[in-house]
Amino acid sequence: MSEPGGGPVLEVAGLRKVFGDLTAVEDVSFALPPGRSLAIVGESGSGKTTIARMIVGLERATAGTITACGRDRSRPARSAADRRRRGREVQIVFQDPYTSLDPRQSARDAIDEVLRLHHGWPAQRRRARVAELTDLVGLDERQARALPRALSGGQRQRVAIARALAAQPRVLILDESVAALDVSIQAQVLNLLADIRDSTGVSYVLISHDLAVVRQLTDDVIVLRRGRVVERGPTGEVLDQPRHEYTRRLRASVPRPGWKPGRGGLLAAGEDGDQDGR
Amino acid sequence: MSAPSPSGAAAPGAAAAAGAGTPLLEVEDLTVWLRVEGAERPVLRGVSLQVSPGEAVGLVGESGSGKSMTARAIDRLLPAGARLAGRVSFGGADVTALSGAALRAYRNQVAMIFQDPRAHVNPVRRIGDFMTEALRANHGVPGPEAARRAADMLGQVGIEDGARRLRQYPHELSGGMLQRVMIAAALLTGPRLLLADEPTTALDVTTQAEVMAILDDLRRDLGLAMIFITHDLELAAAICDRTVVMYAGQVVEVRESALLHADPLHPYTAALAAARPDISRTADRLRAIPGRPVSAFEAPQSECAFAPRCPHAAGVCRAALPGLTGLDGGLSRCARAGELRGRLGEAAGE
């Protein structure tokens, strides 16, 4: 709401995270302008989820700064009010909607709780907003009243998205949020996310290993390998003309009609795929 | 079984699939009910499919389609209380009633590879014990000889230093390495059919490419048949000769993989391919399929299960449950398949 002069809604500089002997994240920097979407792409161990967890305050950075809406959040929140304010800046939706929702709470109650916590509105206003949000994510009246166990995976993920949006965040982190969904449902949720961005101006940070999903939803991409950024740029350019050998290997590993899998990371003719295909 | 269509100039490769000689595996009108909270629910509804020796068949579907249950029925791994009707024959012999030694002998011919290798190995036993168990117990191969064969087979799946790996425990290996161990273990007893249930879904994309390459090479070298179960239409089409698409416990399409994207025979197959985002372009909007996939027990018995989500549904689709009929060398369970021919492919949906 108050970042000066339309600067980035989220900025990460020189981010580093060390777990014991392991450097999980090393010198990662990026800036996310309002309304734009950034993908963080990488495989297991690349550090992508660690970055997400540091941004939302679930891990503390070893070094570097994280700034959201012009305010530093590299250090733990000092007070409950500070923590709530951070919640209105950045929210996260996890991969698995089966474990990220309270099993005893209906969609409506989960959303209402966030509204009460963050906005302190009277009941009537909250009720209206709950109806708006459930409508926005395409949950019907019965689904909004249901407990998570009565909902399908796609419906639960809609609940998680609605709950995250209830805080009216400027940035929504989608940590593999569509990875576990059936293809036909994944397309619905991706369309929904695009609509929400158009109507609210929220920015997305999409953490994903799925390059097709990344292409569909994001403007810019950074490619991580073992905690370091190996390539960055506009998503279309990076995927169409990957410059780094590792990005090329990722791209070549995606099945498509006529695709033949190769050992050691098969590549198109002439590319040096074996370098780290161990 | 399929009546070849008069127009069907079978493409190369389809000939073997279309039933030259005896199929290795034949599933006929397989229906399976599971007991859920005291009531019997169907999970498969009249599934028929054939696999020829050496052929790779993809089995594709979303949650609840019955693809994994089909594999479990074939390998006789259905949960307790399951009831089965229909026939599964392997090399011409019915296997649905096998037990004891005969069942063990059958399972040596049909090896299964699962999605999550860690859930299928004993974490406190060494890789070598796990890999050689079947050889020692069922084939009477002495321990040192079994270990030598296991180390050899590890070499074939691209794991060097096999003798050392055999002494390691599962937690010492990465997911991709462990899945290669599972493949090697599955191949040790000399099976004729591999049942691979989402074997690469839990792996990183670059590891998936490596594991698929190994599986593909070995399968061809050894002349093994394979049923490859996946939710990924593109992956199935890339590595399988034929693809079987399932929906709500039924087979809805059987198609030569090379034709699946350009010329599908069932609207569900076309819709599934169109819904997937494309890595080479950003779509204005994805062509999502409305609603959600239904399971066999939720599906109506007397009309097309996909009709409520299908852009081509008409009165005829709700009048009766369509049968699986032959078209252009493939099979389609769509009442309008003939009429829609050529309008369902990649370019046609624009």
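Here's what I pulled together on the structure shown here. (Residues numbered from 1 in each chain as written. Chains lettered and ligands numbered in written order. Predicted model: local features only at pLDDT ≥ 70, side-chain atom pairs only at ≥ 80, totals over all residues. Heavy atoms only, no water.)

A short note on the packing of aromatic side chains
So, step 1. Tallying each qualifying case throughout the model produces four aromatic pairs over all chains.
So, step 2. Ring plane angle 80 degrees and centroid distance 5.3 Å describe the contact between tyrosine 247 of chain B and phenylalanine 306 of chain B, whose orientation is recorded as edge-to-face. With tyrosine 247 of chain B in strand S9 (residues 242-247) and phenylalanine 306 of chain B in the loop between helix H11 (267-275) and helix H12 (315-319), this pair connects stretches of sequence that are 59 residues apart. Grouping residues by exposure puts tyrosine 247 of chain B and phenylalanine 306 of chain B together as buried.
So, step 3. These aromatic residues form a ring-pair network of at least three members: Tyr247, Tyr268 and Phe306 of chain B.
So, step 4. The ring of tryptophan 121 of chain A has arginine 125 of chain A lying over it, and the distance from NZ or CZ to the ring centre is 3.9 Å.
So, step 5. One Lys or Arg, arginine 83 of chain B, reaches over the ring of tryptophan 33 of chain B and ends 4.0 Å from the middle of that ring. (Phe/Tyr/Trp six-rings, centres within 6.5 Å; stacked < 30°, edge-to-face > 60°. Helix = DSSP H or I, 4+ residues; strand = E, 2+ residues; numbered from the N terminus. Buried < 20%, exposed > 50% of the residue type's maximum accessible area, 1.4 Å probe, protein only. Lys NZ or Arg CZ within 6 Å of the ring centre and 35° of its normal.)

Considering the side chain of serine 46 of chain A
So, step 1. Tracing the chain through its elements places serine 46 of chain A in the loop between strand S3 (37-41) and helix H1 (48-55).
So, step 2. For serine 46 of chain A, the residues in contact, after removing those within four places along its chain, are Ala24, Leu224, Arg226 and Gly227 of chain A. (Contact = heavy atoms within 4.5 Å.)

What about the pattern of salt bridges?
So, step 1. Inspection of every chain in the model, using the stated rule, returns 39 salt bridges over all chains.
So, step 2. Glutamate 145 of chain B is the partner of arginine 148 of chain B in a salt bridge, and the nearest nitrogen-oxygen pair spans 3.2 Å. Of this pair, arginine 148 of chain B and glutamate 145 of chain B both sit in helix H5 (residues 143-156), three residues apart, which is roughly one turn of the helix.
So, step 3. The class for arginine 148 of chain B is partly exposed, based on a relative accessible area of 44%.
So, step 4. Residue glutamate 145 of chain B is classed as partly exposed on the basis of its relative accessible area of 27%.
So, step 5. By sharing partners, the salt bridges in this structure join Arg71, Arg73, Asp82, Arg85, Arg86 and Glu89 of chain A into a single network. (Salt bridge = Lys/Arg side-chain N within 4 Å of Asp/Glu carboxyl O.)

Brief notes about the side chain of aspartate 204 of chain B
So, step 1. Among the secondary structure elements, aspartate 204 of chain B is positioned in the loop between strand S7 (193-197) and helix H8 (205-222).
So, step 2. Buried charge aspartate 204 of chain B goes without a salt bridge, the closest partner of opposite sign being lysine 48 of chain A at 5.7 Å.
So, step 3. Once residues lying within four places of it in the same chain are set aside, the contact partners of aspartate 204 of chain B are Glu43 and Ser44 of chain A. (Lys, Arg positive; Asp, Glu negative; His and termini not counted.)

Focus on H5 of chain B
All names here are of chain B.
So, step 1. Spanning 14 residues, H5 covers 20 Å between terminal C-alpha atoms, matching the ideal 20 Å at 1.5 Å per step.
So, step 2. Where H5 is concerned, the buried positions are Ala146, Ala150, Met153 and Leu154. One face of H5 carries all of its buried residues, which in axial projection span an arc of 105 degrees.
So, step 3. Positive backbone phi, at 85 degrees, marks glycine 158, one or two positions downstream of H5. (Expected span 1.5 Å × (residues − 1). Arc of directions from axis to C-beta.)

Remarks on the interface of chain B and chain A
So, step 1. With 41 residues of chain B in contact, the opposing surface of chain A contributes 38 residues.
So, step 2. Carbon and sulfur atoms supply 53% of the area buried between chain B and chain A, which totals about 3400 Å² over both sides.
So, step 3. Put simply, chain B and chain A have three salt bridges between them.
So, step 4. In this structure, aspartate 210 of chain A engages arginine 276 of chain B in a salt bridge whose closest nitrogen and oxygen atoms are separated by 3.0 Å.
So, step 5. In this assembly, chain B and chain A are joined by 17 residue pairs in polar contact (both at pLDDT 80 or more).
So, step 6. For the side of chain B that touches chain A, the secondary structure elements donating two or more residues are H8, helix H9 (233-239) and H11 of chain B.
So, step 7. Among the elements that line the side of chain B that touches chain A, the one with the most residues is H8 of chain B, at ten residues.
So, step 8. Looking at side-chain class alone, the side of chain B that touches chain A contains 18 nonpolar, eleven polar and twelve charged residues. (Buried area = accessible area lost by both parts, 1.4 Å probe. Polar contact = N/O pair within 3.5 Å; in protein donor to acceptor, adjacent residues only side chain to side chain. Nonpolar A, V, L, I, M, F, W, Y, C, P; charged D, E, K, R; others polar.)

Regarding the packing of helix H2 (residues 80-89) of chain A against helix H3 (residues 107-119) of chain A
Residue and element names in this part refer to chain A.
So, step 1. For the pair H2 and H3, the least separation of the axes is 10 Å and the interaxial angle reads 120 degrees. By the angle between their axes, H2 is oblique relative to H3. Pair H2 / H3 crosses with left-handed handedness. Residues Arg84, Gly87 and Arg88 of H2 touch H3, and the partners they reach there are Leu117, His118 and His119. (Axes fitted to C-alpha atoms, helices over the stretch in contact; angles between N-to-C directions. Parallel < 35°, antiparallel > 145°, perpendicular 65-115°, else oblique. Left-handed = near helix turned anticlockwise from the far one by under 90°.)

Re the sheet that holds strand S1 (residues 25-36) of chain B
Residue and element names in this part refer to chain B.
So, step 1. With respect to topology, four strands assemble into an open sheet ordered S2-S1-S4-S5, the strand pairing being antiparallel. Bordering the open sheet on either side are strand S2 (39-51) and strand S5 (93-94), each of which pairs with just one other strand.
So, step 2. One ladder, built from seven bridges, connects S1 with strand S4 (residues 83-90); its direction is antiparallel. Within the sheet, the bridge partner assigned to leucine 25 lies in S4 and is phenylalanine 90. (Pairing = 2+ DSSP bridges.)

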